[in-house]
Amino acid sequence: MKIMEVPPRYPNFEQTAIKKFWDSLKEGKLLTTKCSECGKTEFPPKIVCTSCYSDKMEWIELPKRGRIYSFTEMHVVPTGFKPPLTVAVVELENGVRLFSYVVNARFEDLKVGDVVEIDFQEMNWYDYKKHPYFVFRKV
Amino acid sequence: MSDVAIVGAGTTKYGKHLDKSATDLAQLAVKEAIESAENISIDDFDGFVLSSQNPEILQKQGNSVNHFSEFLGIKAKFATRVEGACVSGSMGLITGYMAVKSGLVDLCLVVGVEKCYELPSSSDIMAAFSYVIDRDWEAAFGSNAPMGFAMFATRHMSIYGTKEEHLAMVAVKNRKFASKNPKAHFQKPITIEDVLNSRPISKPLKLLDCCPVSDGASAIILTRRELAKNYTDTPVYIKGIGQFLINENVISSISDLTEFTALKIAAREAYKRAKIEPKDVDVAEVHDCFTIAEILEIEALGFCNKGEGGKFVEEGETDLGGKIPVNTGGGLLSRGHPIGATGICQAGIIFEQLRGEAPKGRAVDAEIGLTQNLGGWGTSQAVIIYSR
């Protein structure tokens, strides 16, 4: 038996009150929450607004395009991942920022301000858990 | 004048300690701290603060404050363990400071320790360190510490024209100081070319832009001002503290990736409490986990203007003889970074500087010193100001 020295981690997409976010990814939709009281949109989605503390949150669909705010290419990664991994923080057209992989570009191909589109990919954690997640594709 | 004094400090060498356990390291640091003061035995402590980031994963050991008390032989009226990733050490110092200042205890032992090389491979160690990163939105996708700081580097370089050479200059300077510090993890001097030619870790950061994973322990002894002279003729006083935590823990939540916003606020608070300005600081130990971090820190601490950190380093202003010598102990980059110990080691280096005990080649004639320690993506910050 192989002993894992460090317990592996994958997202909690089961026991969570924002399960709708994860379920919608299966339909190719990227959602987040917006506060119906104060209007604040934030990501990650939350069940209580971190500004006004209202629990009247509505689900909204996020824009499918944005620009690279910053990026890097990881060459040393934890157990269970294969380098290199190009990742970016992307600012969507409505100002919300997201973090994920850039799947079609290396570090040298990117610059701050480049336009990217949202795409979806099946993630596989340790051949144990699978779930679709959003990724970025340079336009 | 402050109410809390440092009267003793000790640290192990930082590095790979394959022949010592976490409790061995803690014992050695505490022994040195006790011996650096006069008239202190382990029974004299009535306060104990342990800073350790991750014994649960690294040693498979919980209940760490009890666990360490067994090996340190400590009994205390007030004992706690603090953890806030890489700022655990300064959180420990601030907790000890509050325990002394409130009158709860008279003599407080603050110990930081991390023992990382028990895990079998560097990718396992990285996986363990990734526990500090948000699981659902970052760590599940392979994120690690270099990733976040590389994001700051990319953005700072894009907006302000900071060059890879500027980052390299930070590493070279800190290694030069570490070459005079026998307790540093790495002591062999390096050149700009060495840094630029080292392998990529998280672009644009290269191996020598990154601090190592280290084993080590450090200890500080705190007491009330009125009691300080019982233990040393040359106490160092904590003149002011400033801490700030901002709710931007996920990298995509950080409002500005060209600065440490939380540090600007923590620094302002510390300067106000110490009744000084940035120009009054004679020597500083800052949290250079990555070269870019030191550049962002000298900007946020007000030693230079925003966006000009690279130029400030290039002009030698952070070296001996410059406006503000930074990381005269070698920094995390070269001294090493046993997570929970780092902030406590920084305090020990300032203690040594203000007592005039730093060796030639890294000694600064200093009356006021500062330490800055961070956790997360710089979104949890602590600044401590010290005086003779």
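Residues numbered from 1 in each chain as written. Chains lettered and ligands numbered in written order. Predicted model: local features only at pLDDT ≥ 70, side-chain atom pairs only at ≥ 80, totals over all residues. Heavy atoms only, no water.

Draft legend 1. Focus on the sheet that holds strand β11 (residues 380–387) of chain B. Residue and element names in this part refer to chain B. The 9 strands lie next to each other as β3-β2-β4-β7-β1-β8-β11-β10-β9, forming an open sheet whose pairing is mixed. Two strands close off the open sheet at either side, each with one partner strand: β3 (78–82) and β9 (283–285). Across this sheet, the average inter-strand angle for adjacent strands is 25°, counted without regard to direction. Looking at chain direction, strand β2 (residues 47–51) and β3 are connected through 5 bridges and run parallel. Looking across to β3, one finds that G47 is bridged to F78. Running over the sheet, helix α9 (residues 261–274) touches β8 (236–245), β10 (368–375) and β11 and is turned about 150° from β8. (Pairing = 2+ DSSP bridges. Helix = DSSP H or I, 4+ residues; strand = E, 2+ residues; numbered from the N terminus. Axes fitted to C-alpha atoms, helices over the stretch in contact; angles between N-to-C directions. Contact = heavy atoms within 4.5 Å.)

Draft legend 2. Local environment of the interface of chain A and chain B. With 39 residues of chain A in contact, the opposing surface of chain B contributes 42 residues. Between chain A and chain B the total buried area reaches about 3600 Å² when both faces are included, carbon and sulfur atoms providing 62% of it. Seen at the junction of chain A and chain B, the total is 3 salt bridges. Summed over the shared surface of chain A and chain B, the result is 23 residue pairs in polar contact (both at pLDDT 80 or more). Of all the secondary-structure elements, those providing two or more residues to the side of chain A that touches chain B are α1 (19–25), β4 (65–74), β5 (85–92), β6 (97–101) and β7 (115–125) of chain A. Considering each element in turn, the side of chain A that touches chain B owes the most residues, 6 residues, to β4(A). Counted by class, the side of chain A that touches chain B contains 29 nonpolar, 5 polar and 5 charged residues. (Buried area = accessible area lost by both parts, 1.4 Å probe. Salt bridge = Lys/Arg side-chain N within 4 Å of Asp/Glu carboxyl O. Polar contact = N/O pair within 3.5 Å; in protein donor to acceptor, adjacent residues only side chain to side chain. Nonpolar A, V, L, I, M, F, W, Y, C, P; charged D, E, K, R; others polar.)

Draft legend 3. The arrangement of the side chain of B:E138 in detail. If you trace the backbone, B:E138 turns up in the loop between α5 (122–129) and α6 (145–160). At a separation of 3.1 Å, a polar atom in the side chain of B:E138 contacts the side chain of B:W377. Residues contacting B:E138, with those up to four places away along its chain left out, are A:F99, B:I133, B:S143, B:M147, B:N249, B:V250, B:I251 and B:W377.

Draft legend 4. Region of the structure containing the environment of B:P55. Residue and element names in this part refer to chain B. Residue placement: P55 occurs in helix α2 (residues 55–58). Taking C-alpha positions, P55 is 35 Å from R388, a pair spaced 333 residues apart along the chain. Excluding residues within four positions of it along the chain, P55 makes contact with K60, Q61, S64, R81 and E114.

Draft legend 5. Local environment of the sheet that holds strand β3 (residues 57–61) of chain A. Residues and elements named next belong to chain A. Spatially, 3 strands are ordered β2-β1-β3 in an open sheet, and the strand pairing comes out antiparallel. Where the open sheet ends on each side, the last strands, each with one partner, are β2 (41–42) and β3. Pairing of strand β1 (residues 31–35) with β3 involves 5 bridges; the strand directions are antiparallel. Bridging across to β3, T33 finds its partner in W59.

Draft legend 6. Molecular detail of the packing of aromatic side chains. Enumeration over the complete set of coordinates arrives at 21 aromatic pairs over all chains. Residues B:F149 and B:F290 carry aromatic rings whose centres are separated by 5.0 Å and whose planes lie at 25° to one another, so their mutual orientation is stacked. You can see B:F149 sitting in helix α6 and its partner B:F290 sitting in the loop between β9 and α10 (291–300), a full 141 residues away along the chain. Members of the aromatic cluster, joined through ring pairs, are A:F13, A:F21, A:W22, A:F43, A:Y101, A:W125, A:Y133, A:F134, A:F136, B:W137 and B:F141. Sitting above the plane of the B:Y131 ring, A:R9 keeps its charged end 4.5 Å from the centroid. When the ring centre of B:F177 is taken as origin, the NZ or CZ atom of B:K176, which lies over that ring, is 5.4 Å away. (Phe/Tyr/Trp six-rings, centres within 6.5 Å; stacked < 30°, edge-to-face > 60°. Lys NZ or Arg CZ within 6 Å of the ring centre and 35° of its normal.)

Draft legend 7. Layout of the domain arrangement of chain A. Residues and elements named next belong to chain A. Segmentation of chain A into domains returns domain 1 (12–62) and domain 2 (63–139). For domain 1 and domain 2, the distance between their C-alpha centres works out to 20 Å. At the interface, 13 residues of domain 1 touch 16 residues of domain 2. The largest share of the area that domain 1 buries against domain 2 comes from F13, L30 and L62, three residues that together contribute 42% of it. Put simply, domain 1 and domain 2 have 2 salt bridges between them. A salt bridge links E14 to K129; the nearest nitrogen and oxygen atoms lie 3.3 Å apart. At the junction of domain 1 and domain 2, the tally comes to 1 residue pair in polar contact (both at pLDDT 80 or more). In terms of residue count, α1 provides more of the side of domain 1 that touches domain 2 than any other element does, 3 residues in total. Of the residues assigned to the side of domain 1 that touches domain 2, the class counts are 7 nonpolar, 2 polar and 4 charged. (Domains from an automatic or database assignment.)

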